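Letter by letter, the chains look like this.
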Amino acid sequence: MKNFILTAEGVNKTFDGFKAISDLNFYMDEGELRTVIGPNGAGKTTFLDLITGRSKPDAGTIQFGRESTELTKLNEYQIYRLGIGRKFQTPTVYVDHTVFENILLSMEGSRGVFSALFARVTPAQRERIHDILKTVGLGEKIDAKAGSLAHGQKQWLEIGMLLAQNAKLLLVDEPAAGMTDEETAKTGELLLSLAGRHSIIVIEHDMVFVRQIAKKVTVLHQGTILCEGSVDEVQNNERVIEVYLGRKHHHN
Amino acid sequence: MKRKTELLAVAIVAILVIVILPLLNASGIVSNFTINLYGKYLSYAVLAISVDLLWGYTGLLSLGQCLFFTLGGYMMGMYLMRMIGNLGQYHMAIPDFLVFLGWNTLPTFWKPFASFPFALMMVVLLPGLLALVFGFLAFRSRIRGVYFSILTQALTYGACLLFFRNNLLMGGNNGFTDFKLLLQQDLRLPATQRMLYISTGILLLLTYCFCRWLTKTKFGKVQRAIRDSENRVLFSGYAAANFKLFVFVASAIIAALGGALYTPQVGIINPSEMATDKSLEAVVWVAVGGRGTLVGPIVGAIFVNTLKSWATRAYPDYWLIILGGMFLLVVLFLPKGIVGLISDCGGWIAEKFKTTPVVPDLKQTPDADSLPNPQPAIRNP
């Protein structure tokens, strides 16, 4: 029997009459790297919001992991504690903290109020933070305030924060936005190296980047899955071409 | 190194305030009036730190912090009222206002307040519990930003109206006054007032040290993270509401302790101290002094209140305009307050000196590289 890390069935979400997600069914294998694409307003970010507890679906179930834990009944930090990490579309870091502290606050470990009062940074943690910062190329910026970083560097920092968390399922919303081509390629390599050990959902617009990382692509359109398959299959799918290129044609 | 300088500065100021000034007062150089006035300011400084712990460090702008300050004052006031004994105007064993309301015996809830330890416990417990319940409900419902501010303001306003009522049996609009004794010491004696001043100084020092420690821990980091990006904190697995609740309760207790020492020094506590404008004033102290620092609220509280003492005598009609103007000025031009201005000036002066061309005396300047126009020929003879 196959183990799904994430199962979403019959998910619906409406905002003020606008159907952001409609009857969505989504299955993802453990260790899979899945890329989700789709035009603006297709419901990609809303889908992540529903997984991470930022908003609740009107109907449907979203289950996680081998225990099939129902996510729709939990709040953000409970879902996080199951092992689901998220990188936001706009880089969300603690601007007044140093790069080191940003990673430190994201490290896996206790999240209690009282343990935070007496927590000490262990040498092992320090070493791991250095390793992570080396991986994301921010080793030199360790003592810089996160607010002073360039946009692309903030993206990297947030990816580093995800690494520190050591989540089972990583949800990565437009990681390449604001990065140079070289940085984008590096991000792709990093995500590829993480796949297998972690399950990853990447939302992306940049088709070059999608080509680099994608194994299986899900195309969302009007809150529901339009098609799924390899990059070539998806790009040759008539309905996808209609949604993407057809509309583009009209605008031109 | 920087930590050592700070420690030294705090120690010097603490000795000056807690030891030297009272000694000068005992030998008659500093007047009793001054000591009493500064005792009041120091208790205001404790209140200001509690406001900053919420606003500057956690991003929770409480517009009702004076509620906890005043409740602490009331709890101490109940003890002081009991200590009047039968020395009141009516020469009865119960407080005068109760006699006036037609009571012959003491209401039950007044009885334990003859014990100083009990009163002290209530100073911590009552405001702490109120903050716990209110904070639990507010943070669980994710009330944030301006809604939180409005709610805290409504809370203190509601409490103020409640305390104005005579049948609460807490002295109505007159509150408590005419205190006589504290721990068998006559409150009108300069020596007693001096001890109260010293106690307030020590409380302020302890508050400073506690907040200093708290903000340096991982807890403090989470606290500031909540201020800057609460969503990220939630999506990093922290139950932000619990952290906010802890800070809210801690700062309520700090404010209450300040209030408990305020009452015997000022000699009166009444519901007007809970009025919304008082809490707003405390926010102005913090803004003027410099929020997000621990020195800022202390400087702000003392500076604004010194100014108030002078202005309400010199220009009584204009005080509120001065206060409002000062707030606008700080918001528009000094977002980091007085403390920020001083440190910016320090940085500016340092910068100025750095770029001032000096004739490099290379033998005595080990840091010659940073000087303009270094002359390598001389450096390598």
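Predicted model, so just to flag it, every value in this text is computed and none were measured. All residue numbers refer to position in the chain's written sequence, counted from 1. The naming scheme follows written order: chains are lettered A onward, ligands numbered 1 onward. Restriction of local features to residues with pLDDT of at least 70 applies here, the model being predicted, together with a cutoff of 80 or more for giving and counting side-chain atom pairs; totals for whole chains, interfaces and linings are based on all residues. To obtain the side-chain values, all non-hydrogen atoms of the structure were used and water was disregarded.

Asks: Run through the overall build of chain B, naming residues and quoting values.
Replies: Helix and strand assignments follow DSSP, with helices taken as H or I runs no shorter than four residues and strands as E runs no shorter than two, numbered in order from the N terminus. A tally of regular secondary structure across chain B gives 14 helices and 4 strands. Counting only C-alpha atoms, chain B reaches 100 × 60 × 40 Å along its principal axes. Per-residue accessibility, obtained with a 1.4 Å probe over protein chains only, is compared with the maximum for each type, and a residue is labelled buried under 20%, exposed over 50%, and partly exposed between these values. Counting all 381 residues of chain B, 47% fall into the buried class. Restricting to contacts in chain B with at least 6 residues of sequence separation, those with at least 24 account for 75%. Here the Shrake-Rupley method, with its probe set to 1.4 Å, supplies the accessible areas, and only the displayed protein chains count as covering residues. Carbon and sulfur atoms make up 68% of the accessible area of chain B, which amounts to about 18800 Å² in all. The charge count includes Lys and Arg as positive and Asp and Glu as negative, but it does not include His or the ends of the chains. Think of each charge as sitting on NZ of Lys, CZ of Arg, CG of Asp or CD of Glu. When the 30 basic and 16 acidic side-chain charges of chain B are each reduced to a single mean position, those positions are 8 Å apart. Here, residues are in contact when the closest pair of their heavy atoms is within 4.5 Å.

Asks: I'd love a proper account of the layout of surface pockets, names of residues and values included.
Replies: Reported here for the largest pocket is a volume of approximately 1800 Å³. Site definitions follow a grid-based scheme: protein atoms alone, a 1 Å grid, a 1.4 Å probe that fits but cannot get out for cavities, and for pockets an open set with protein on both sides within 12 Å along at least five of seven lines, plus lining residues having an atom within 4 Å of a point. Taken together, 45 residues form the lining of the largest pocket, with E6(B), Y208(B), T293(B), L294(B) and V295(B) sitting closest to its centre. Sorting the residues of the lining of the largest pocket by element identifies helix 1 (2-26), helix 2 (32-58), helix 7 (190-216), helix 8 (218-234), helix 11 (295-314) and helix 13 (337-355) of chain B as the ones contributing at least two each. The element best represented in the lining of the largest pocket is helix 1 of chain B, accounting for 10 residues. In the scheme used here, Gly and all other residues not listed as nonpolar or charged are polar, with Ala, Val, Leu, Ile, Met, Phe, Trp, Tyr, Cys and Pro taken as nonpolar and Asp, Glu, Lys and Arg as charged. Here the lining of the largest pocket is built from residues that sort into 23 nonpolar, 10 polar and 12 charged. R120(A), W213(B), K216(B), T217(B) and K218(B) are the residues nearest the centre of the second largest pocket, which is lined by 30 residues in total. Grid points are joined across faces, edges and corners, and a volume is the space filled by probe spheres set on the points.

Asks: Which residues make up the sheet that holds strand 3 (residues 33-37) of chain A, and what are the values?
Replies: All names here are of chain A. By the convention used here, strands pair only if DSSP detects at least 2 bridges between them. One open sheet accounts for 6 strands, arranged 6-7-8-3-9-10; its pairing is mixed. At either end of the open sheet lies a strand with only one pairing partner, and these are strand 6 (84-87) and strand 10 (224-229). Averaged over all pairs of adjacent strands, the angle between their axes in this sheet comes to 20 degrees, without regard to strand direction. Relative to strand 7 (residues 169-173), strand 6 runs parallel, the two being bridged by 4 bridges. Pairing of I84 across the sheet is with L169, part of strand 7. Angles run from 0 to 180 degrees between N-to-C directions of axes, and those axes are lines fitted to C-alpha atoms, restricted for helices to the stretch in contact.

Asks: An account of the sheet that holds strand 5 (residues 69-70) of chain A is requested, with residue identities and associated values reported.
Replies: Residue and element names in this part refer to chain A. Taken together, the 4 strands give an open sheet; going across it, the order is 2-1-4-5, and neighbouring strands pair in antiparallel fashion. Because the sheet does not close on itself, it has two edges, and the strands there are strand 2 (18-29) and strand 5. Alignment of strand 1 (residues 4-15) against strand 2, held across 8 bridges, turns out to be antiparallel. Paired with K13 across the strands is I21, a residue of strand 2.

Asks: With reference to specific residues and values, describe the packing of helix 2 of chain B against helix 8 of chain B.
Replies: Residue and element names in this part refer to chain B. Closest axis-to-axis distance for the helix 2/helix 8 pair is 7 Å, and the angle between their directions is 60 degrees. With respect to their mutual orientation, helix 2 and helix 8 come out oblique. Residue-level contacts link L53, G56, Y57 and T58 of helix 2 to Q223, R224, I226 and R227 of helix 8. Residue classes in the contact of helix 2 with helix 8 are distributed as 3 nonpolar, 3 polar and 2 charged. In what follows, roughly perpendicular refers to angles from 65 to 115 degrees, roughly parallel to angles under 35, roughly antiparallel to angles over 145, and oblique to any angle outside these ranges.

Asks: Describe the pattern of salt bridges, with residues and values.
Replies: A side-chain nitrogen of Lys or Arg and a carboxyl oxygen of Asp or Glu constitute a salt bridge if their distance falls within 4 Å. Using the criterion set out here, one finds 19 salt bridges over all chains in the structure. A salt bridge links E158(A) to K87(A); its shortest N-O distance comes to 3.8 Å. Of the two residues, E158(A) sits in helix 6 (residues 151-165) while K87(A) sits in strand 6, which places them 71 residues apart along the sequence. Each member of the pair E158(A) and K87(A) is classed as buried. Note that E281(B) and K308(B) form a salt bridge whose closest N and O atoms lie 3.1 Å from each other. Residue E281(B) is found in helix 10 (residues 276-289), and its partner K308(B) is found in helix 11; the two are separated by 27 residues along the sequence. Residue E281(B) is classed as buried on the basis of its relative accessible area, which comes to 10%. Residue K308(B) is classed as partly exposed on the basis of its relative accessible area of 22%. A single network of salt bridges, built from pairs that share partners, joins D96(A), K145(A), R227(B) and D228(B).

Asks: Tell me about the packing of aromatic side chains, and please be specific about residues and values.
Replies: Residues and elements named next belong to chain B. Ring geometry is summarised as follows: Phe, Tyr and Trp rings, the Trp one being its six-membered ring, pair when their centres sit within 6.5 Å, and such pairs are stacked at plane angles under 30 degrees, edge-to-face over 60 and tilted between the two. Here the structure, examined in full by the defined rule, presents 28 aromatic pairs over all chains. Ring centres 5.4 Å apart and planes at 35 degrees place the aromatic pair Y44 and Y262 in the tilted group. With a gap of 218 residues between them, Y44 in helix 2 and Y262 in helix 9 (residues 240-266) connect regions that are remote in the sequence. For Y262, a relative accessible area of 3% puts it in the buried group.

Asks: How would you sum up the interface of chain A and chain B? Please name residues and give values.
Replies: With 30 residues of chain A at the interface, the matching set in chain B holds 25 residues. Summed over both partners, the accessible surface that disappears when two parts come together, traced with a 1.4 Å probe, is what is meant by buried area. Both sides together, the interface formed by chain A and chain B hides about 2600 Å², and carbon and sulfur atoms give 64% of it. Linking chain A to chain B there are 3 salt bridges. For R142(B), the salt bridge is made with E76(A), and the minimal N-O distance between the two is 2.8 Å. Polar contacts here mean pairs of N or O atoms no more than 3.5 Å apart (in protein, one a potential hydrogen donor and the other a potential acceptor; neighbouring residues in sequence count only if both atoms are side-chain atoms). Across the chain A-chain B interface, the total number found is 12 residue pairs in polar contact (both at pLDDT 80 or more). A per-element tally of the side of chain A that touches chain B places helix 4 (residues 113-118) of chain A first, with 5 residues. Class assignment for the residues of the side of chain A that touches chain B results in 15 nonpolar, 6 polar and 9 charged.

Asks: Tell me about the side chain of T218(A), and please be specific about residues and values.
Replies: Residue and element names in this part refer to chain A. Positionally, T218 belongs in strand 9 (residues 216-221). There is a polar contact of 2.7 Å between the side chain of T218 and the side chain of R34. A polar atom in the side chain of T218 sits 3.0 Å from the side chain of E228. Sequence-distant contacts of T218, that is, excluding residues within four places in its chain, are made with F26, R34, T35, V36, I37, I225, C227 and E228.

Asks: Quick rundown of empty space enclosed by the protein? Include the residues and the values.
Replies: Residues and elements named next belong to chain B. Using the criterion set out here, one finds 3 cavities of 30 Å³ or more in the structure. Estimated volume of the largest cavity: approximately 90 Å³. In terms of lining residues, the largest cavity is bounded by Y44, L47, C66, F69, E273, K278, E281, W285, N305 and K308. Put simply, the parts of the chain that give the lining of the largest cavity at least two residues each are helix 2, helix 3 (65-84), helix 10 and helix 11. In the lining of the largest cavity, the residues fall into 5 nonpolar, 1 polar and 4 charged.

Asks: Let's hear about the nonpolar core: which residues, and what values?
Replies: Residues L157(A), I200(A), W110(B) and F176(B) are the most contacted members of the largest nonpolar core, which totals 147 residues. Ranked by residues supplied to this core, first place goes to helix 2 of chain B with 15 residues. For L157(A), the contacting residues outside a window of four places in its chain are V93(A), V99(A), N102(A), I103(A), L138(A), A146(A) and L149(A). Put simply, buried Ala, Val, Leu, Ile, Met, Phe, Trp, Tyr and Cys residues joined by side-chain atoms within 4.5 Å make one nonpolar core. Formed by 25 residues, the second largest nonpolar core is a distinct cluster that contains I21(A), L50(A), L169(A) and I201(A).

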